[in-house]
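Chain by chain, the residues run as shown.
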Amino acid sequence: MGATIIERIVAAKVGRPVAAGEVVWLPQDIVTARDFGGASVVKNFVDAYGKDARVFDPQRIRFTFDCNAPANTVGYATNQQICRDFAGKQGIKVHDVDAGIGSHLLIEQGLALPGTTAIGTDSHYNILGAVGALGQGMGDIDVASAFKKGQIWFEVPPSIRVNVNGRLAPNASAKDLTLAIVKHFGSDGLLGKSAEFYGEVVEQLNLPGRITLASMGTEMSAVVCFIPPNAIVLDWLEPRAGARPESIAADADAPYIKEVTLDLGEIEPMIACPFSPDNVRPVREVAAENVRLDSGFIGSCTNGRAEDFASAYAQLEGGKVAERVTLKLVPATREVYAELLFSGLLEKLFTAGALVHNQGCGGCAAGQVGMTGEGEVQISTSNRNFRGKQGAGRTYLASPATVAASVRAGRIVVPEVVQ
Amino acid sequence: MSAFTVSGKAFPLLDSDGALINNIDTDMIYHNQWLHITKLEEMGRYALGNLKGYEDFPQRVQPGMWIVAGRNFGAGSSRQQAVDCFKALGCAGIIAVSVAPIYLRNAINAGLPIAQVPGLEGQVRAGDELTLDMQGSTLTIARTGAVLQASPPISTVQREIFSAGGLLKLT
């Protein structure tokens with residue numbers, strides 16, 4: 001019997017074949033903690049193992065401050081300092097408040113490659129499935145234990161194979177495909193599963209597009225969503241890893257608990273309406289209801305790459321963000337910020353009326369780039385629109401193109417086809 | 001009664017139609033504005049503070065009660081506080097139709113009894129005496145005598161962590 005992607009990754013780490021349902025101690029290539037959860041990781045570690053205890057390997061641990069960066073409350077600032085002090089003592093590298101989103105840093109720095117195991121205090125760590133890595137978001141007890149042991153207990157989840165048939169409409173992107181998939185599965189349709197995505201429309205996605213799809217595995221309660229890395233991904237990773245990484249794939253006779261084929265036809269721009277990421281409708285329908293907007297947000301681990309901002313600008317070119325509407329931009333990382341800055345895109349976006357914030361998780365983290373007020377309507381490229389998450393307002397989730405076209409119009413509209 | 005048996009009264013989280021609420025996410029359980037708090041004893045007062053109709057949950061719940069919910073409990077963020085806030089209030093644990101994967105781990109790691117029980121809908125009333133047998137993976141409802149099976153069953157590692165008093169006490 002062959003193995004699914006997750007079974008192959010786990011088998012390689014534990015040195016023997018494994019099957020779904022088995023519980024193993026799974027070695028981790030890299031263990032991280034953010035400013036969110038990080039201080040609790042440190043507290044748990046010190047309480048459990050003593051103040052003189054050493055971590056398993058400081059080279060394989062990172063702190064990434066991305067949630068509240070820079071800290072806008074004393075509580076967060078203090079938590080970050082607790083992490084810095086601990087890191088200094090242990091010889092752990094800190095990606096400080098100027099670095100950007102931790103999961104993206106792992107990809108940019110060649111630390112997350114096909115077959116890598118990684119955990120972090122970030123529920124979207126399964127985003128690493130975009131490069132064929134087993135990333136998992138975990139709480140601070142898990143991470144504190146892994147700081148000491150370098151491994152986690154892990155019940156190998158069942159795998160589900162998803163074949164996606166369809167093609168993107170000229171004004172649609174990876175986010176629209178992703179929302180169509182979330183609509184199909186719903187918020188618990190992949191609960192506890194490792195999902196593998198196949199089909200031409202998925203295989204053609206560039207790395208940012210794969211990141212978008214993999215990131216929203218969490219919104220379907222998947223353990224991880226894998227998109228088997230192809231040449232597009234390996235080309236991207238090669239210079240960062242210093243060598244061409246080997247890809248990872250499932251065996252032809254891999255044991256899937258289920259195989260699902262989605263026939264999506266022509267995938268048009270989609271939008272998740274308040275207050276759930278799976279409350280997805282075509283933008284066309286929502287546009288017909290004349291939904292007036294107060295603010296827009298482009299960024300997050302789901303849509304915070306340079307390509308996302310370029311796609312947004314294509315909708316703003318020759319125009320401006322509407323009067324009385326604010327467009328907030330948050331690049332995912334310092335690298336993305338640099339790309340925007342030095343390519344001239346930042347100037348163009350600024351001129352079109354955007355408010356540009358520093359890199360990080362701002363927009364999802366509470367209050368980092370402002371909250372929504374009672375009655376405020378926001379459109380966002382983020383991944384969650386739960387009630388109360390970004391404030392008291394109502395949040396719609398859509399692609400960078402839909403967000404940009406909509407803030408230009410001042411109401412939710414279908415993005416234009418641009419060349 | 002084995003060391004793996006836990007009993008207590010049910011505190012079901014119900015919607016206005018009396019059905020178990022599905023998709024209770026971590027922002028409803030423990031809102032992100034309180035994430036900077038690291039002391040467990042300070043977390044209880046915010047439990048379910050963002051779940052409509054349950055804002056006063058910390059005043060209503062009594063120690064030893066089971067939280068009972070529908071599908072996909074604990075969806076969303078990886079915050080440990082969403083588990084710890086129930087520990088702080090002395091809850092017996094969590095029984096739900098299904099639990100989001102990160103939340104499930106976090107509860108297991110904290111040594112808080114948790115079980116996924118398909119078929120739970122419509123079976124539990126407020127105050128019902130519930131007994132979870134983590135060895136046999138069964139949930140018994142005293143009022144009706146119903147015995148429901150947890151699925152997937154409670155794993156050996158979950159029992160080990162529970163016995164140790166949490167993952168960090170596991171040697």
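Summary of the structure given here.

This brings us to the overall build of chain A. When you go through chain A residue by residue, the secondary structure sums to 14 helices and 18 strands. Taken against the 2.2 N^0.38 rule, which gives 22 Å for 419 residues, the C-alpha radius of gyration of chain A at 21 Å falls within 12% of a compact globule. With the C-alpha coordinates of chain A rotated into their principal frame, the extents come out at 55 × 50 × 40 Å. Within chain A, the proportion of its 419 residues that are buried is 58%. Pairs at least 24 apart in sequence give 77% of the contacts found in chain A among residues at least 6 apart.

Residues and elements named next belong to chain B. The element helix α3 (residues 81-88) is extensively covered by neighbouring structure, given that seven of its eight residues are classed as buried. Buried within α3 we find Gln-81, Ala-82, Val-83, Asp-84, Cys-85, Phe-86 and Lys-87. Contacts from the buried residues of α3 go to α1 (26-29), β2 (66-69), β3 (93-96) and α4 (101-109). In the segment just after α3, Gly-90 is the residue with positive phi, at about 75°.

Residues and elements named next belong to chain A. Strand order in the open sheet formed by five strands is β4-β3-β2-β5-β6, with parallel pairing between adjacent strands. Whereas interior strands pair on both sides, the edge strands pair on one side only; in this sheet they are β4 (93-95) and β6 (134-137). Within this sheet the neighbouring strands show an average axis-to-axis angle of 20°, counted without direction. Relative to strand β3 (residues 61-64), strand β2 (residues 30-34) runs parallel, the two being bridged by four bridges. Across the sheet, residue Arg-34 finds its bridge partner in β3, namely Thr-64. Across the face of the sheet, helix α2 (residues 35-49) comes into contact with β2 and β3 while running at roughly 105° to β2. Sitting on the sheet, helix α3 (residues 74-90) touches β2, β3 and β4, and the angle it makes with β4 is about 150°.

Within a sheet, each strand pairs with its neighbour through backbone hydrogen bonds, oriented either parallel or antiparallel. Residue and element names in this part refer to chain B. The strand order across the open sheet built from seven strands is β4-β3-β2-β1-β5-β6-β7, with neighbouring strands paired in mixed fashion. Only two strands of the sheet have a single neighbouring strand rather than two, namely β4 (114-116) and β7 (146-149). Looking at each pair of strands side by side, their axes are set apart by 25° on average, direction ignored.

What follows deals with the interface of chain A and chain B. With 37 residues of chain A at the contact, the number on the chain B side is 32 residues. Elements supplying a minimum of two residues to the side of chain A that touches chain B: α2, α3, α5 (140-149) and β7 (151-155) of chain A. By residue class, the composition of the side of chain A that touches chain B is 13 nonpolar, 16 polar and eight charged.

All names here are of chain A. Counting buried residues along strand β15 (residues 326-330), four of its five residues qualify, which places the element largely inside the surrounding structure. At this point the chain moves from strand β14 (residues 295-299), through helix α11 (residues 306-316), to the parallel β15, and the crossover so formed is right-handed. Pairing analysis gives three bridges linking β15 to strand β16 (residues 354-356), with the strands arranged parallel. Looking at β16, one finds that Lys-328 is bridged to Leu-355.

Another aspect to go through is the pairing of strand β5 (residues 117-120) of chain A. Regular strands have side chains that alternate between both faces of the sheet. Residues and elements named next belong to chain A. Burial along β5 is two-sided: the residues Thr-117 and Ile-119 and Ala-118 and Gly-120 are all buried. Pairing of β2 with β5 involves two bridges; the strand directions are parallel. Bridge pairing links Val-31 to Ile-119 in β5.

Within the largest apolar cluster, 191 residues are counted, with the highest numbers of intra-cluster contacts made by Leu-128 and Ile-271 of chain A together with Val-68 and Ile-95 of chain B. Sort the elements by how many residues they give to this core and helix α6 (residues 174-185) of chain A lands first, with seven residues. Beyond its immediate chain neighbours, meaning those up to four positions away, Leu-128 of chain A contacts Ser-103, Leu-106, Ile-107, Ala-112, Ala-118, Ala-133 and Gly-135 of chain A.

Thresholds, definitions, all that
- Residues numbered from 1 in each chain as written.
- Chains lettered and ligands numbered in written order.
- Predicted model: local features only at pLDDT ≥ 70, side-chain atom pairs only at ≥ 80, totals over all residues.
- Helix = DSSP H or I, 4+ residues; strand = E, 2+ residues; numbered from the N terminus.
- Rg over C-alpha atoms; globule rule 2.2 N^0.38 Å.
- Buried ≥ 20, exposed ≤ 12 C-beta atoms within 10 Å, placed from the backbone.
- Contact = placed C-beta atoms within 7 Å.
- Pairing = 2+ DSSP bridges.
- Axes fitted to C-alpha atoms, helices over the stretch in contact; angles between N-to-C directions.
- Nonpolar A, V, L, I, M, F, W, Y, C, P; charged D, E, K, R; others polar.
- Right-handed = clockwise from strand over helix to strand, strands pointing away.
- Core = buried A, V, L, I, M, F, W, Y, C linked by C-beta atoms within 7 Å.

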